[in-house]
Amino acid sequence: MLNTQKTINLAGQSIIEDTVAVYMNATLNENGELSTNKAVCNKKLYDENKAACRADIDAFEEMAYALEGEAE
């Protein structure tokens, strides 16, 4: 028996000086459940640019929440 589930995926990167500092991912399933993740890919770059990285993370999360709101 085939079992499928429709999901919407959103991926983002916080890029500083052409280098990825943080990778972000969000998944919204067909039940409207949102899952978000982030991973620091370059700790030194992140530490040196926390304000910019955190602003990118905040902007990404707002985009993810907007997707969640559209699904309701």
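The coordinates are above.
Residues numbered from 1 in each chain as written. Predicted model: local features only at pLDDT ≥ 70, side-chain atom pairs only at ≥ 80, totals over all residues. Heavy atoms only, no water.

Peer 1: Just give me the short version of the pattern of salt bridges, but keep the residues and values in it.
Peer 2: Scanning the entire structure with this criterion turns up three salt bridges. Its salt-bridge partner being Lys44, residue Glu48 comes within 2.8 Å of it at the nearest N-O pair. One end of the pair, Glu48, and the other, Lys44, are both in helix 1 (residues 43-48), four residues apart, so they sit about a helical turn from each other. Relative accessible area serves as the criterion here: at 57%, Lys44 is assigned to the exposed category. The network of salt bridges with common partners includes Lys43, Asp47 and Lys50. (Salt bridge = Lys/Arg side-chain N within 4 Å of Asp/Glu carboxyl O. Helix = DSSP H or I, 4+ residues; strand = E, 2+ residues; numbered from the N terminus. Buried < 20%, exposed > 50% of the residue type's maximum accessible area, 1.4 Å probe, protein only.)

The analysis is restricted to geometry; functional conclusions fall outside its scope.
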